Each structure stands twice: as structure tokens, then as C-alpha cells.
Amino acid sequence: MFGYVIRRLIAAIPIALGVSMICYLLVYLAPGDPVQTLLPPDADAETVDRLKRLYGLDRPLPVQYIEWLGRVVSGDFGRSIANGRPVIEEIQRSLGNTVLLATLSVLVAFSIAFVLGTIAGRKAGTWLDRVVTGVAVLGVSVPNYWLAIVLIIIFSVELMILPSSGTAGERFDPTSWEHIQYLILPVITLSMIPVGIIARTTRSAISEVMNQDFVVTLRANGLPEWRVLKHAIKNALPPVLAVMGLQFGTLMGGSILVETVFAWPGSGYLLSKAILTRDVPVLQGTILVLAMIFVVTNLAVDLIQSTLDPRIRRG
Amino acid sequence: MSTAVSDTAAPDAAELALPTQRGYWGTVGYRLRYDHVTLFFGALLLLIILAAVAAPLLAPFDPYQESIIRRLKPPGYQDRYWLGTDELGRDMLSRLLHGGRITLTMGILPVIIATLIGGSLGVLAGFAGGVVNMSIMRVMDVFYAFPSVLLAVAISGAMGGGAVNGMIALTLVFIPPLCRVAETATTQVRNLDFVDAARATGAPMHLVVRHHVIGNVLGPILIYASSLVSVAIILASGLSFLGLGVKPPDPDWGLMLNALRQAIYVSPLVAAMPGIAILITSISMNLVSDGLRAAMDVRS
Amino acid sequence: MAMTSFAVEENDGRDRGGPRQPLLTVQGLKKHFPIRGGIFGRVSARVRAVDGISFAVRKGETLGIVGESGCGKSTVARLLMRLIMPDAGEQIFDGDAVGERGGISVAEMRRQVQMVFQDSASSLNPRMPVQNSIAFGPIALGTRQAEAIGMARELLVKVGLNPALFGGRYPHELSGGQKQRINIARALAMKPRMIILDEAVSALDKSVEAQVLNLLQALKRDLNLTYIFISHDLGVVRWISDRVMVMYLGEVVEIGPADALYASPRHPYTRALLASRPALDPDQRREEAPVSGDPPNPINPPAGCRFHTRCPHAEAVCSARAPMLSAGGDDAHLAACHMQDPSSGHSQALRH
């Protein structure tokens, strides 16, 4: 087991390096001189030259990359073009909000989807199953930025019971309704896709257990239904939890649209603003951090899962 | 003919009673004919695509024609603007029809290109194995390490937006998963006996791959690609929604949705319409893809 | 022979060395599969699937290869076809070294040697009508499509299937026996001189198996073929083979004429294998205890004689030294056992 953990950790290093390389090269994808993208458009020639030297942009690309990597590892992501503040501070301030949003969304999605999936899996093939499967398809088919707008129309515009966007303040206070009410619509919106995915996973895991020969035999012999269900849930839980973990990573990087609609001050909103203002240092830094979180989440899920079930070990 | 051979093999009754020769695609078609859900949504999808293709013929008005006096009118306005008008007074129905062309293209084209590139790379990796496989798949792993939304936003954001850049970004997003599916399918197929038998004839590799590998990996790849179209349409609209895809005043469902956000207090029904178009398309695509998957599953 | 395309002239034009030269000679064939593990995925162990085996196949004979599953017999088949590359060893086909300078290329060898796989879901391309599967090889090597399909339909007749009824069918529309006939036709399409049959009838029902075996015998006579017949079924191997080779953990333990080997097996492993068959005739029962348990792991085969861990006659010498294939009086019948060798120091050496 220990050897496996070490091997997975080592295998993650080239991936993390590759991810950082792509993030670094993003600057070069931008049209024009990379320096231009690091500076406001009205910067004078002297500033451009100074920055070129400062960032070593006159040297070969691999050297530049390694120096950039060194700075990034020590926490220096450069400064925002829009407001001149260090990128790392901007990310630190917004990341917590996105973690909060993603965590709550995954938990909400799990509670709904696990129940739905279990019902469908037990009654595979019935109309109930079809309804749940339909809901699951709807969940993964709905564009969540549209759902966000629809929810705002219903709850903020028509019913006027929830705020349409923003927050109650910089620091989130979990005891205050004032703060919580701003979270409700974003969390519901963001949980739609995971609901669809988790419900599907649960359904197939449960129905697989229900169709196992020994379960069929036990049921035929009069084993109480709740015992059968307990067994099925115990078997279905590991894959479902794994999917849940992966969804957390996906939401961390995928909440940009929903955060934009709700003006939720998370890393996605930060990214969206950076795109509008062409603030490349912020864009680059945020994407790097979110992608690294995704890599780490996937790795963690893989390791936890392989601890629980050694059969699924990879490579 | 040698008598010794033929007398060992008098055809028995069971041989003659076998079902008619339907073939693989015949069986798939036969199954689909009885899958009403897939048929219905397939027809719906076809209708949407046809409407998009024929948009210039079907659209009652010029989708770019603005008017200050008929901004944000509700559906049925003047009995001619059946779906109402948008924030600049343009006819919604015309814009939705024309928008379908752009949105569907933005969604489908990247998947097609990614299928060609990713599929070929995957087949190559799967069939060649060894170092070739390693080098292709490790690069894919790196792209795989990004959530798809983030990667699309990162690439098109860095490239500065626009419909073409958006499509390039989406293509890059879909190459790795398609490559992985193709690689897995090819690795499975290449170890089957009939591929060994074909190799044992001394036939050149490219013929073995073309006749014995491609046909058997195409199914899984195409099914997977079809399931990506719905994701692609949502992502493409999402990029336009963020201002990274199609630029105004072109009608694109995602872009329209974003532009109409300011109108939710005045005309919520119209504001929701582009999203409904995306939703219906993406549901249809998902269900058709599921139906195809079930019909093409030879085991059942 | 009305249609001459498959008639084999009395003297095959491709025959080079005459009837006395073996069609195939194999020397020191070896294949170790690496197992990767550890932190850096290094090769941590090797499965010694085929560990230096040598044998010859004479023109026109059938050599049977038997052994438990995992003994390496199927790997031998794939090595001989070069579907996997051997680590070491020499393969001489009718006097020409295969894949070596001055010899014949692998492609040229494959034109003369074909293989029939075990009937399974994967032995035929599920997306291809069977006549196209048969015609694939000739088409790939330059025969015109129409001509190759015509030839395939002739071959269907030859293996006892009505081309009008079966030619356009897909594999899932055929029974196991029919699929195996197609597999045979596919091999014949290359007009081979030798066919390697790897568990070719093992998955079939007994009655169908007999039909296919009869077909194979008839084809061999008609087309002047040489067979290597690989199977775990000792009865079938005896029926079809002229000579039999017994493999254990990647090595040859005994080889000899079928009748002699079955009547007086010399290696304890062969005796145990024969004893483990269900005996139909109670008088034929042997005293040897059947082999019990599973064969040892081919990753770390036992030192010395690989069979000593399961052998009732094992002595110190058996775990100390590996025995060589030796004749013990009959040059055609060899066994790798210390008991065959009077100088080995084994207490039961040559007493039986």
C-alpha cells in the first residue's frame, strides 16, 4: 500500500509540472507581445523594457519557465494589471468562497442524488426508475448559467424572497441568515450537474448489487428488505463517494459561469473579471491554482479509494 | 471436390434455421426502431438542426434589425413577433433560428475535429503501444488534469475570445478524452484473436488497422463523441456567455442569454428563451446518445 | 479436384530440402514477459513463459503439444508466428532461418505458416461477413477483391459450409463449430504448408469436435499440410498426433512418438498427466498418482528440475540440477528426467 501511495504521488509530479507549463504558455497564446498582456495597454516603452528585463523575457523560453516556476512555488504570481495588487492575495481572498460553494453544492447534490439513485436502483426498470433517470439527464443537460437566471427570475424577481446576487459581506458568517440567503441559489444551481452524475452512479451501483446472485437468493429466502438495502448501500457508497470527490474538483474549476451570474466573489468570478479586463497575470494564477486543486483532489480520491478497495489500483 | 472433406459436414437443421442475415448495423437499426424515446428526441434534434440550417428561409425578420420602439415585447407582439423581441428590439424567433446555426456549429464542429485528431492519436497509441503510447497518453494526462470548463476558459481567455478561438479551445478540450476512449478501445481490440489472425497473414499493418481495428473501435468512439456534443453546446454557449465566444451583434444562444440578463425584470419569459433552446438541444443530444449506446451494445 | 486453385501438386514447388529435411526446427526458443512494479515501474520480475525449448517438426506430420494451462504452449504458437517477438532462439523453416540475414523474412514465413485460434467470441471480426474475413489475407497481399472472395467461397465448400448460405453471415450468426470451420478456411486461404492449431477444438462440444478433427485430417491429406496441434486434451492430441511434446513451466519435459509416449511415458509429469485423465477402461488404470495442486509460479520456477516440487520421485539431485532431454535407449523418445540418466545419481535411475 505504501509503495502504491508513493508511486501515485511521484506519478502526479510530471502531471503537475505539465499543468504549470500549460498555464505558463497561456501568456504566449495571447495575441501580440507577451509583455503587452502583462501590462496595461497604455504602458510606455520604458516600462515595457524594464518589465522585460525584470521578468527575463529576453531569455530562452525554458529558462523563463523555470524562473517563473521558482517564483510561483514561493507564492509570487505577479501583480494584477487591473488594480496592481499581488495576484496571490486576490486568489487567497476569493478561493475560500468558492470552496464553500463547491463543498455545499456537492453535499446537497449527494443528499438528493443518493436517495434518488437508490430508489431508482432498487426499482430498476419501473416508471419510478425512468423518472429518476429523466431527472438525472435533465441535471446534466441543463446549462447551469441559464438555470441561475431562471432561479433569479423565480425567487428574486417574482417571489422576491432571495437576493439575486452578491454577498452580505467580506467574511462569511454561517450563523447569520443575512449571509446564508446569498448562498442558496448558487448552491442549488451548482448542484444540478452533480445531482445528475451522482444519481446515475448510485443507480447503477445499487442495481448491480440487487442483481447479484447471492442477494437474489437471500431475498428469496426472506431476508428483510432493509438488510438487503443496507448491504446494497454499503457496496454502492465507495464509487459514489469517489464520484463526489471528483465532482468537487470539477466544481472548483467549473463554477466560473455560475459565480459570474450571481456575482459571487469566488475564484470563478475573479477569473471572469480577469478575462473581461484582459488581466493575464490574474487569469494565469487563478487557472494554475484551480487546476492544481483539481489534480490534488483527483489524487486524493484515487488514494482513498484504493485504500478502501485495493482492486481498483491503477498502473 | 474432395469427398473426404464434404461428408464430414452435412449441414444440420440448426444451421439452416438461423435468422436472416441482418448484420451489425441492421441489428442496431432494428433496435432503434423500437426505441421510441430515442426516435422522438432524434426527430426533435433533426428538426432543430434543419431549422438552423434553413434559418434564412424560415426566419420572419432580419435578426439584426433593431428598433427602439419595440424593445422587449412579449411573445405574440403585433401578431407577428411570435416569440417577442429582445433588448434591442430584434425579433426573437429570427435570432433564435439564426443563433442555432452559430451555436450548433460552435458545439458540433470542435467535437468532429477533436474526434478526428483525438481518435487517430488514440488508435495510434493503442495499436503501437510501448513508447509511442506512453508519450501520447502522458501528454493527454496533462490536459486531462484540467476541469473542462476551466481549460476552455483558460485557452479562449488567453487567446482573446472570438468564435474561432472558442472553437479551437473546445477542440483542445475534447481531444484528450476522445484520445483516451480511442486508446482504451484500440488496446482491447488489438489483443483480440482476429487481429492476431490478420497480422499472421503477413498483411501490412495499415491494412490490419483499417479493416480489423477501425471498424471495431469506431462504435465506442462515435458514441462517446455524440455524448460530448451536448457538453460542447453548453460549453460553447458558456464561452459566449462570458464574452469569450461569439461577439455581438451575432446571434448566439449563450450570448443572447447574457445580453438578456438585464431584461429579467421586464421580460423574464423572453430572457429565458435562449436557455430553453440550449436545454432542449442538449437533452435531445444526450438522450439520442444514450439510445445509440444501448442499441450499439452488441452484448445485450 | 475440379477447381485447381487449392490442389497441391505431388511435389510442392516451395519444398526446398526434400522430405527428409524437417519443415520446422526450433532451437533455444525463449520468451520472458517483464512484470513492472516498484516506484519507478522498473522490471521487477519476469514470467518465464517459454524458457529455451528446442524441437523439430517433420514434413507431413502432426506434432502435438500438451501441458497444463500456463505451461507456455500458447506462447510457443504465438512466438512461432512472430505475433510476439522471442527473446532468444532460432527458427528454421525448411532450411531457411526466419527473420535473419540470409534467411527468409517473417512475412515470407507467414505466407507458409498459418494459425488457427481457439474458437471464442474474438476469433473472428464481428463486423465482417465471414467470407471477407477469409479473403482478407489474400486481398491484403494483392489478390483482386472479386477473385479473393471467389476463392473464399471455394474454401467454404472445402471446410464443409455452403457458401450461398454462410458466406455473407456475421460471426454471431454462426455456431462454435461453424466459426471454427471459418477459422480453418481463413488459415487455408494463405495456402500454407504448415498450420499451427492452438486449442483449435477445445471449446467445442464433443460431437462437433470430432467433426472438426475429421475435417482437419482430411484437409491435411488433401493439401499436404503439416500440423502443430496444441491442446490440453490428451485424448484428442493422441488421436491426431504422430508425435507428442509435453511442456511444463516453459520447458519441454518429454517428446516422442505418440504411441510410445502414451504407452510408456518416461517423465513422471507425463505419467501423472496421463493418470489424471478419466480412464474409460479400468484395466488401463495407472498406478502413478495424478498431479495435484497448481503448477508453481512461472515467475520464480523451482530450481533444478522444475517438476520436483510435485514429483513423487523427487530426490536431492532433482532440486540441485536441471535434467537434460535424454534418450534412455530410444533416440526418438526423449525425456528430461534424472531417472533417465544412469549417471545422474538418482536412486531410481533407469530402473523401470
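Values in this document were obtained by computation on a predicted structure and should not be read as measured data.

Turning next to the UniProt feature "domain: ABC transmembrane type-1" (unreviewed entry) in chain A. Residues annotated in UniProt with the feature "domain: ABC transmembrane type-1" (unreviewed entry) correspond here to residues 95–305 of chain A. Overall, residues 95–305 of chain A shows 82% helix and 0% strand. The separation of its end C-alpha atoms is 26 Å.

Let us now look at the pairing of strand β10 (residues 251–257) of chain C. All names here are of chain C. Counting buried residues in β10 gives six out of seven residues, a clear majority hidden from the surface. As paired elements, strand β9 (residues 243–248) and β10 share six bridges and run antiparallel to each other. The partner of Tyr248 across the bridge, within β10, is Glu251. With antiparallel pairing between neighbouring strands as the criterion, β9 and β10 make up a hairpin whose turn holds two residues, including Leu249 at a positive phi of roughly 50°.

This part takes up the interface of chain A and chain B. Many analyses report the size of an interface as the accessible area lost when the parts associate. Each partner contributes to the interface: chain A provides 39 residues, whereas chain B provides 37 residues. Residues belonging to the side of chain A that touches chain B are distributed by class as follows: 31 nonpolar, eight polar and no charged.

All names here are of chain A. Cross-referencing UniProt, the feature "transmembrane region" (unreviewed entry) maps to residues 9–30, 99–119, 131–155, 180–199, 240–262 and 282–304 in the present numbering. Strand forms 0% of residues 9–30 and helix 95%; the C-alpha atoms that close the span are 33 Å apart. Summarising residues 282–304: 100% helix, 0% strand, and an end-to-end C-alpha distance of 33 Å.

With that out of the way, let us pick up the packing of helix α4 (residues 36–53) of chain B against helix α13 (residues 268–296) of chain B. All names here are of chain B. Closest axis-to-axis distance for the α4/α13 pair is 8 Å, and the angle between their directions is 135°. Between α4 and α13, the crossing angle belongs to the class labelled oblique. As for the relative orientation of α4 and α13, their crossing is left-handed in sense. For the pair α4 and α13, contact is made by Val37, Thr38, Phe41, Gly42, Leu44, Leu45 and Ile48 and by Thr281, Ser284, Met285, Leu287, Val288 and Gly291, respectively. Here the contact of α4 with α13 is composed, by residue class, of eight nonpolar, five polar and no charged.

Right, let's talk about the environment of Val149 of chain B for a bit. Mapped onto the elements of the fold, Val149 of chain B is located in helix α8 (residues 148–159). Distance in space between the C-alpha atoms of Val149 of chain B and Val173 of chain B is 8.5 Å, their sequence separation being 24 residues. The residues touching Val149 of chain B, leaving out its near neighbours within four places in the chain, are Gly253, Gly254 and Ile256 of chain A together with Leu235 and Gly238 of chain B.

Here is what the cut-offs are and how they apply
Residues numbered from 1 in each chain as written. Chains lettered and ligands numbered in written order. Predicted model: local features only at pLDDT ≥ 70, side-chain atom pairs only at ≥ 80, totals over all residues. UniProt positions renumbered as here; feature names shortened; annotations may be inferred. Helix = DSSP H or I, 4+ residues; strand = E, 2+ residues; numbered from the N terminus. Buried ≥ 20, exposed ≤ 12 C-beta atoms within 10 Å, placed from the backbone. Pairing = 2+ DSSP bridges. Contact = placed C-beta atoms within 7 Å. Nonpolar A, V, L, I, M, F, W, Y, C, P; charged D, E, K, R; others polar. Axes fitted to C-alpha atoms, helices over the stretch in contact; angles between N-to-C directions. Parallel < 35°, antiparallel > 145°, perpendicular 65-115°, else oblique. Left-handed = near helix turned anticlockwise from the far one by under 90°.

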